[in-house]
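Residue-level structure breakdown
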Amino acid sequence: PPSQFFGAVKHRHHPTKKKHFILRTNWTASPTEDVSFYRVYANGRVVKQIPRSKPFSYHVHRHTHRVGKKYEITAVVITDDGKEVESPRVTLKVFDSKK
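For the protein chain, the helix and strand inventory stands at zero helices and nine strands. Residues counted as buried form 35% of the 99 residues belonging to the protein chain. The contacts of the protein chain with a sequence gap of at least 6 include a subset with a gap of at least 24, amounting to 58%. Total accessible area computed for the protein chain in this model is approximately 6600 Å², and 50% of it derives from carbon and sulfur atoms.

Written out as structure tokens, the structure is:
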């Protein structure tokens, strides 16, 4: 599975919105070399699939500093017969960053 799935919520200045925050997440690649992509979950639902060739990050725009959802990530391998096999899910660890 991927590891070190960390995130921080940061305040961003936006000309039309009083409060605007971004949850930025990053992770370390799975040691398995045949990973096809990473799947990000929010409260158990898939919200994004990120190819292994892309940067290992995912950003969410928010209107509050609270994360409010449980984010998880998994590495997905596609077998020779086309089946998707997921690694165990890794839960996001959020660091408080009100700056």
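Read on, since the account is not over.
What follows covers the nonpolar core. Core analysis: the biggest nonpolar cluster contains 18 residues, and F5, W27, Y58, Y71 and I73 have the highest contact counts within it. Contributions of two or more residues to this core are made by β1 (3–11), β2 (21–28), β3 (37–42), β5 (57–62) and β6 (71–78). For this core, the element with the highest residue contribution is β6, accounting for four residues.

For β6, the tally of buried residues reaches seven of eight residues, placing the bulk of the element in the interior. Pairing between β3 and β6: six bridges, direction antiparallel. Bridge pairing in β6 links F37 to V76. Both β6 and strand β8 (residues 90–91) contribute to a ladder of two bridges, which runs antiparallel. If you follow I73 over to β8, its bridge partner there is V90. Sheet topology places β6 next to strand β7 (residues 84–86); three bridges connect them, and they run antiparallel. Bridge pairing links V76 to E86 in β7. The antiparallel hairpin formed by β6 and β7 contains five residues in its connecting segment, where G82 sits at a positive phi of about 85°.

About the criteria used
Residues numbered from 1 in each chain as written. Predicted model: local features only at pLDDT ≥ 70, side-chain atom pairs only at ≥ 80, totals over all residues. Heavy atoms only, no water. Helix = DSSP H or I, 4+ residues; strand = E, 2+ residues; numbered from the N terminus. Buried < 20%, exposed > 50% of the residue type's maximum accessible area, 1.4 Å probe, protein only. Contact = heavy atoms within 4.5 Å. Areas by Shrake-Rupley, 256 points an atom, 1.4 Å probe, with all protein chains shown as cover. Core = buried A, V, L, I, M, F, W, Y, C linked by side-chain atoms within 4.5 Å. Pairing = 2+ DSSP bridges.

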